[in-house]
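For reference, the chains in residue letters:
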2 protein chains.
Amino acid sequence: MKTISENRSFGGTQGVYSHDSSATGTEMTFGLFLPAEAQDGPVPVLWFLSGLTCTHANAMEKAGAQSWAADHGIAVIFPDTSPRGEDVPDDDAYDLGQGAGFYIDATQEPWSKNFKMWTYIADELPALVGEKFPLDMGSQSITGHSMGGHGALTLAMALPGRFRSVSAFAPICNPTNSDWGRKQFAAYWGDEDNWGPHDATLLMQGNGFDGPVLIDTGTDDQFGDLLGTAALASAMVERRQEGHLRMQKGYDHSYYFISSFMEDHIIFHAEALYK
Amino acid sequence: MKTISENRSFGGTQGVYSHDSSATGTEMTFGLFLPAEAQDGPVPVLWFLSGLTCTHANAMEKAGAQSWAADHGIAVIFPDTSPRGEDVPDDDAYDLGQGAGFYIDATQEPWSKNFKMWTYIADELPALVGEKFPLDMGSQSITGHSMGGHGALTLAMALPGRFRSVSAFAPICNPTNSDWGRKQFAAYWGDEDNWGPHDATLLMQGNGFDGPVLIDTGTDDQFGDLLGTAALASAMVERRQEGHLRMQKGYDHSYYFISSFMEDHIIFHAEALYK
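These numbers come from a predicted model, not from an experiment.

Turning to the overall build of chain A, a few remarks are in order. Check the secondary structure of chain A and you find nine helices and nine strands. Judged by the C-alpha coordinates and their principal axes, chain A covers about 50 × 45 × 35 Å. In chain A, 73% of the contacts between residues at least 6 apart in sequence involve partners at least 24 apart. Taking the 16 positively charged and 36 negatively charged side chains of chain A as two groups, their mean positions are separated by 4 Å.

Given below as C-alpha cells:
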C-alpha cells in the first residue's frame, strides 16, 4: 500500500492511498478520513460509494463529510468506482466501463478480467483497511450516491450483519428496470438470466435490511426518472422496512444536494454505529 | 356555541365546546387548545382529525399535542369523527356509522341526512372557530390519525391554498382499494361510479399537495395491510411530491405511537405555519 497524500482535516487526517488489487488486477486508489479519536484506538467506519464518472476524490472533496464525521469520531472510506488504466477496457459512454463499475463482478468479455468491484468492495478493501488502519470493523455502516447508492443498498442487503445502517443520496433503486442498470448488466453479465440479485428493489422485496434505512432524493433530480425510487418506496412499505424516504424539494442530483443532507446522514449512521 | 369545559394546559387553555351543526343536523362537540399567545392576538391553527371509533376527546387526551403546540404558540382543533345521537343512524360494526364518518358527505339513505363530515370540517367548523376564537385562519395546517389521516390528506389536496402543510400518523392512504374505505364508500355513496376523489393516492397521482408532507407509519401496525401506504409512497415519488415518509420500527397503530412522534409533527407544521 502506498500513501499518496495525507492532510490534516477537522482535527483528523484525510488520506489517499493506493494498492495493488488482486480483485481487479489493477492499482486501486481510495480516500480515508480518520478522525482524531483514531489516535487512541479503533473507530467506527462509514463507507461512501460514489456515482457514475466519479473517482475516490469527488465525494472526498465535495460532500463535506469530514466535518460531521469528525464531530462523531467516525472514519469515512471513499473507494474508487471502477478499475482504471490504459490496459483496462473502457467505453466511450460515460456510463459504462471506467468510472462505471456498478459494484458488481463482471462475467463477460472484455470486462470480466478487471471489473470485479463487488469482490473489491465487499472483500478485498475491507480486509486491507481493517489491517492497516485503526478501524473497528465490527461497527460499519454504508452510504452512497446514485450508482453508489445502488452499491450501498445492495451491499447492505446482500451481506446481512455486515452493516448496522444504510443510507443513500438519490440512489439507483431498480437497475433491472432502468437504462441505468440494464445497459451495464447486459454488458457485464450478458443474458438477463445471468443477472444476479443486485437490485435494491428486488432485495427489498426479499429479505430487506436488518436495520434502519435513510434515503434522500431531490424533487428536481434531473435523473429522477432513471432512479426507480417509486418501486423501492413501495417495496419498503410492503416489507415494513424500518426506514425514512425523503423527497427533498428543489434539490437536484449534484454534490450541492449531497452536502446539504450529509450531516443528517452522518447523525443517522452515528446512532447505529454507537449502539 | 356552548362551553363544555375549559382547563389550563401548558400555559394556555384546553377547551371543549359544542354547537348545533347545520351540516350534520346534530349537536357537534370539538376540542380546542389555545396557547398563551392567543391572549395577545390570533395564532396559527393545526387541525387534528381522529380515527375510527374516536370522539374529539381521544387525541385531546392521549396525543400529547398541547405541550409542543404551546412551545410553538399554535392552536390545535380536535373535531369529532361523525355526527352522534339516538336519532342518528348507526351500524353494529365499529367501522361504519357513528364514529366512522370518513370525512365525506354521504348521499345514500340512511346516512345522507346527518353524515356530512366533509362539509362540516371543510366549511362549517372553520367558519365557526374563526369567528369565535383568536385564530389566524390564514395560517392553517392539518394532521390526523388513520381515518383522520385520510381526512387530513384528502382535505389538504382537495382544498389547495387552505393548508400550508399536511402530516398524518398511520393514515388510510388508498381507501378505494381497501376494506377500510370500500365498505364505507359503498354505504355512504352507493355505486362505485359515485365515489368522489376522496382517496389520497388518487389525489397524489393528480395534483398532489402544494407544500410539505410528513407521514409516519409503524412497521408493526396491526392494521398496516388496510392502509395502502405503499400505493401512496409510490405516488408521492412519481409525482416528485415534497415530503417525508417514515416507517417507524416497532410502532403499532395506537396513541403510544402517535404521541411518540407528535413533537416531530408539531415542529414540522410550525415551520410551515410561521413561514
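The next point concerns the side chain of His198 of chain A. Residue and element names in this part refer to chain A. Within the secondary structure layout, His198 lies in the loop between α5 (179-189) and α6 (200-205). Note on His198: relative accessible area 14%, which makes it buried. For His198, the residues in contact, after removing those within four places along its chain, are Tyr103, Ile104, Trp118, His150, Thr154, Pro175, Phe185 and Trp189.

The two copies are related by a screw operation: chain A maps onto chain B through 180 degrees of rotation and 0.0 Å of translation along the axis, at an RMSD of 0.0 Å. Both copies are brought into coincidence by an operation consistent with a two-fold rotation axis. Both copies share a contact surface, since 100% of the interface residues of chain A are interface residues in chain B too.

A common way to state how big an interface is: give the accessible area lost once the parts meet. Taken together, the 21 residues of chain A in the interface contact 21 residues of chain B. Both sides of the chain A and chain B interface together cover about 1,900 Å² of buried area, and 56% of this is carbon and sulfur. For chain A, the biggest contributors to the area lost against chain B are Val237, Arg240 and Met247 of chain A; these three give 35% of the whole. Put simply, Arg240 of chain B and Asp225 of chain A hold a salt bridge, and the shortest N to O gap is 3.3 Å. Here chain A is connected to chain B by nine residue pairs in polar contact (both at pLDDT 80 or more). Listed by contribution, the elements that provide at least two residues to the side of chain A that touches chain B are α7 (224-227), α8 (229-238) and β9 (243-248) of chain A. The class makeup of the residues in the side of chain A that touches chain B is five nonpolar, eight polar and eight charged. Bridge count between β9 of chain A and strand β9 (residues 243-248) of chain B: five bridges; the pairing is antiparallel. Along β9 of chain B, the bridge assignment pairs Arg246 of chain A with His244 of chain B.

Further remarks concern the packing of helix α2 (residues 65-72) of chain B against helix α9 (residues 255-273) of chain B. Residue and element names in this part refer to chain B. Closest axis-to-axis distance for the α2/α9 pair is 9 Å, and the angle between their directions is 25 degrees. As summarised for this structure, α2 and α9 are arranged roughly parallel, according to the angle between their axes. The handedness of the crossing between α2 and α9 comes out as right-handed. Here Ala65, Trp68, Ala69 and His72 of α2 come into contact with α9, specifically with Ser259, Met262, Glu263, Ile266, Ile267 and Ala270. In terms of residue class, the contact of α2 with α9 is made up of seven nonpolar, two polar and one charged.

About the cut-offs
- Residues numbered from 1 in each chain as written.
- Chains lettered and ligands numbered in written order.
- Predicted model: local features only at pLDDT ≥ 70, side-chain atom pairs only at ≥ 80, totals over all residues.
- Heavy atoms only, no water.
- Helix = DSSP H or I, 4+ residues; strand = E, 2+ residues; numbered from the N terminus.
- Contact = heavy atoms within 4.5 Å.
- Lys, Arg positive; Asp, Glu negative; His and termini not counted.
- Charge placed at Lys NZ, Arg CZ, Asp CG, Glu CD.
- Buried < 20%, exposed > 50% of the residue type's maximum accessible area, 1.4 Å probe, protein only.
- Least-squares fit on C-alpha atoms with pLDDT ≥ 70 in both.
- Buried area = accessible area lost by both parts, 1.4 Å probe.
- Salt bridge = Lys/Arg side-chain N within 4 Å of Asp/Glu carboxyl O.
- Polar contact = N/O pair within 3.5 Å; in protein donor to acceptor, adjacent residues only side chain to side chain.
- Nonpolar A, V, L, I, M, F, W, Y, C, P; charged D, E, K, R; others polar.
- Pairing = 2+ DSSP bridges.
- Axes fitted to C-alpha atoms, helices over the stretch in contact; angles between N-to-C directions.
- Parallel < 35°, antiparallel > 145°, perpendicular 65-115°, else oblique.
- Left-handed = near helix turned anticlockwise from the far one by under 90°.

So, to be careful, I would describe these as geometric facts and stop short of saying anything about function.
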